[in-house]
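# A closer look at the structure
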Amino acid sequence: MGVGHAAGAADYQQFLSSVRAQALAQGLSAAVVDRALALTREPNAHVLKLDRHQPEFTLTWAQYRERVIGPKRIDQGRASYGEQQALLSRISAQYGVDTGVIMGIWGLESGFGAHIGTFSVVDALATLGFDARRAVFFRSELLKALTILNAGDVAPEAMLGSYAGAMGQPQFMPSAYLRFAVDADGDGRRDIWTSRADVFASVANYLAKSGWQPGEPWGQAITLRETLPVGMIGRGHRMSLADWMRHGVRRDDGQAFSRTDVMGAVLQPDGPGTEAFMVYRNFDAIRRYNPSDFYALGVGLLGYDIT
């Protein structure tokens, strides 16, 4: 072991000690904190590599759509929806959030619960909190993870997620978990790792608290009879459907919109001459889960295909 590695290891232990002291000052149990921090001995090289080498290339909307809403995922989603329909309907009614969107988020985040991530969340967050790039953010998330463990919602060893610390089937960061996670099955734990009821209710609660409007669609595919000026495309330009129809915008089947008073914006993610969508207020609620137009479209369209 080189001197640099030894010094690095000592620095990391010093970092963990300072996190421990801060956690205990916040009133967390020493036994819980020690058990959790024992899961990380040194910065996780795999986490750092993934954090450093996030893909530079960007997909077109058409490529993204094919990747996230392929036939295999739609088939998996329909099968999962069939199994979970009664539970989803109950949670949808309770929170006023559309079942399709809950399914779409569940599908995109973890393949309907199949892929929650294999990283120890404590190890991943400690690594990124020690690393200089976004240390303040990740240290804060680590302390929030310790708060969750202190409440007994999950065992430290079972707190699994992505290399960046996004946890469980809905891939909540600890801060989102503390704000939105729900114990829907009444077992006293907010278990977004293994409890379907808790997963669906937590996603629904997130959307409900992010401005979801019950009974309204998030958006729909449309046809354009004429090319719209670039300045009219995008979430920032909202008009009534009556106004849009005056510009040649129609439903996907070419028919007029049934309501004319609703405000919407036109998205054309791959530019003029390509697929176009009308999006409404609930599209913005989905974007609060992940601030990407592609993501929100993917969630909404997958939900339509599944349900």
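For the structure, check the block above.
Residues numbered from 1 in each chain as written. Predicted model: local features only at pLDDT ≥ 70, side-chain atom pairs only at ≥ 80, totals over all residues. Heavy atoms only, no water.

## Focus: the packing of aromatic side chains
Aromatic ring pairs are reported here in terms of the distance separating the ring centres and the angle at which the planes meet. On inspection of all chains with the given rule, the structure shows 18 aromatic pairs. Seen in terms of ring centroids, Phe180 and Tyr206 are 4.2 Å apart; in terms of plane orientation they differ by 40 degrees. Their pairing is tilted. Of the two residues, Phe180 sits in helix H9 (residues 174-180) while Tyr206 sits in helix H10 (residues 196-208), which places them 26 residues apart along the sequence. Residue classification places Tyr206 among the buried positions, given a relative accessible area of 11%. Measuring from ring centre to ring centre gives 4.6 Å for Tyr206 and Tyr289, while their planes differ by 45 degrees; the resulting arrangement is tilted. Placement of the pair is Tyr206 in helix H10 and Tyr289 in helix H12 (residues 281-289), with a sequence separation of 83 residues. Comparing Tyr206 with Tyr289 shows no difference in burial state: the two are buried. Among the aromatic residues, those joined into a ring-pair cluster are Phe172, Phe180, Tyr206, Tyr289 and Tyr295. (Phe/Tyr/Trp six-rings, centres within 6.5 Å; stacked < 30°, edge-to-face > 60°. Helix = DSSP H or I, 4+ residues; strand = E, 2+ residues; numbered from the N terminus. Buried < 20%, exposed > 50% of the residue type's maximum accessible area, 1.4 Å probe, protein only.)

## Looking at the pattern of salt bridges
All chains considered together, the criterion is met by 17 salt bridges. Taking the shortest distance from any N to any O, the salt bridge between Glu216 and Arg281 comes out at 2.5 Å. On the criterion of sequence distance, the pair formed by Glu216 in the loop between H10 and strand S3 (219-224) and Arg281 in helix H12 is long-range, its members being 65 residues apart. Note on Glu216: relative accessible area 28%, which makes it partly exposed. In this structure Arg281 comes out as partly exposed when scored by relative accessible area, which is 46%. (Salt bridge = Lys/Arg side-chain N within 4 Å of Asp/Glu carboxyl O.)

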